[in-house]
Amino acid sequence: MLTADELLGPVDVVASSLLGCWMVTQRPEGTVALRLTEVEAYSGSGMDPAAHSHRGPTPRAAIMFGPPGRLYVYFSYGVHWCANVVVGRDGDGEAVLLRAGEVVAGEGVARSRRPAARTPRDLAGGPARLTQTLAIGRDDLGTDLLDPASPVRLHRGPAPADISAGPRVGISTATELPWRFWETGAPSVSAFRAGGTSRRPRAGQDGHL
C-alpha cells in the first residue's frame, strides 16, 4: 500500500510517481487490478483554472482538499465517471486524474464489464473505460485508497522504464502545462500525444521525474 507521505509534494511530481501503481477494486463479482499507465495532474494552487478546485472547496470539489489518498469521483459530461487520487497536504486542493491502465489481474471480470473491448486501449484506455473496468462510480466518492480493508485500493508498483509528458486532454484552459504523464509506448495510453517529451525516472525515486 502507498502511504499518505508518498502523496505529498509538487502535484506534477506526485502524478508521475503514480505510473506503474496498481488500482485494485474488490466487488461481489470479483477482484480487478489495473496498472496505471497514464495520469494527469491538477493543482489547487490558483495557477490551474482547469482544476475543479480552482474556485475553492465547492460542494463538488470539497474532497480534493484532503486528506491525501481519498478517491475523488465525478460525472463527466453527463456520460461517464472519472476517478482521481487526492494528493498534497490538507487544504491544497490537488488531485491526479487516472486516465488509462493495463489490467494485470481479474481480466475475465474486467472483460465482462466491457464485452466489446478488443485491445488494451479498448479495455481501460481513457478515464471512462478505466472506471467501467474497475466498476468505480458515485458510491466510491471519498473512499480511502490507503486503507488495506478498502474495496478500492492504491498499491505501489514498479515505475516504468520511460515516462513521457505532454499537454492534458480535453481542457480549454491552462493548456500549456505539460501535466499529462504516460508510460512511453504503453498500448493503453491515449492516442493524442502532441508536445510530449520523453523523460526517464531517476534511480531510487520510484518514478519521480
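Chemist: Mind showing me how you'd approach the overall build of the protein here?
Modeler: Regarding its fold elements, the protein presents 4 helices and 9 strands. Contacts spanning at least 24 positions in sequence make up 63% of the contacts within the protein whose residues lie at least 6 apart. As displayed, the protein offers around 8,900 Å² of accessible surface, 53% of which is attributable to carbon and sulfur atoms. Side-chain charges of the protein comprise 22 positive and 21 negative groups, with the mean position of each set lying 6 Å from the other.

Chemist: Quick question: what am I supposed to make of the layout of surface pockets here?
Modeler: It is the rolling of a water-molecule-sized probe over the atoms that shows where space remains empty. As a volume, the largest pocket reaches approximately 580 Å³. Lining the largest pocket we find 26 residues, and of these A50, H52, Y74, G170 and I171 sit closest to its centre. Secondary structure elements with two or more residues in the lining of the largest pocket: β2 (30-42), β3 (71-76), β4 (80-87) and β5 (94-105). The element best represented in the lining of the largest pocket is β3, accounting for 4 residues. Of the residues assigned to the lining of the largest pocket, the class counts are 14 nonpolar, 8 polar and 4 charged.

Chemist: Explanation requested: the pairing of strand β1 (residues 22-27) in the structure shown.
Modeler: Alignment of β1 against β2, held across 6 bridges, turns out to be antiparallel. Pairing of T25 across the sheet is with V32, part of β2. The hairpin turn running from β1 into β2, its antiparallel successor, is 2 residues long. Strand direction decides the pairing type here: β1 and strand β6 (residues 152-155), joined by 4 bridges, are antiparallel. Bridging from a neighbouring strand, W22 pairs with H155 of β6.

Chemist: Sorry if this is basic, but what is going on with the nonpolar core here?
Modeler: For soluble globular proteins, the rule of thumb is that nonpolar side chains tend to be buried together. Ranked by internal contacts, the top residues of the largest apolar core, which has 41 residues, are L18, M23, L36, L154 and F181. At 5 residues, the largest contribution of residues to this core is made by β2. Residues A51, A61, I63 and F65 belong to the second largest nonpolar core, which totals 13 residues.

About the thresholds
- Residues numbered from 1 in each chain as written.
- Predicted model: local features only at pLDDT ≥ 70, side-chain atom pairs only at ≥ 80, totals over all residues.
- Heavy atoms only, no water.
- Helix = DSSP H or I, 4+ residues; strand = E, 2+ residues; numbered from the N terminus.
- Contact = heavy atoms within 4.5 Å.
- Areas by Shrake-Rupley, 256 points an atom, 1.4 Å probe, with all protein chains shown as cover.
- Lys, Arg positive; Asp, Glu negative; His and termini not counted.
- Charge placed at Lys NZ, Arg CZ, Asp CG, Glu CD.
- 1 Å grid on protein atoms, 1.4 Å probe; cavity = no way out; pocket = protein on both sides within 12 Å on 5 of 7 lines; lining within 4 Å.
- Points joined across faces, edges and corners; volume = space filled by probe spheres on them.
- Nonpolar A, V, L, I, M, F, W, Y, C, P; charged D, E, K, R; others polar.
- Pairing = 2+ DSSP bridges.
- Core = buried A, V, L, I, M, F, W, Y, C linked by side-chain atoms within 4.5 Å.
- Buried < 20%, exposed > 50% of the residue type's maximum accessible area, 1.4 Å probe, protein only.

Don't take any of this as a statement about function, it's just geometry.
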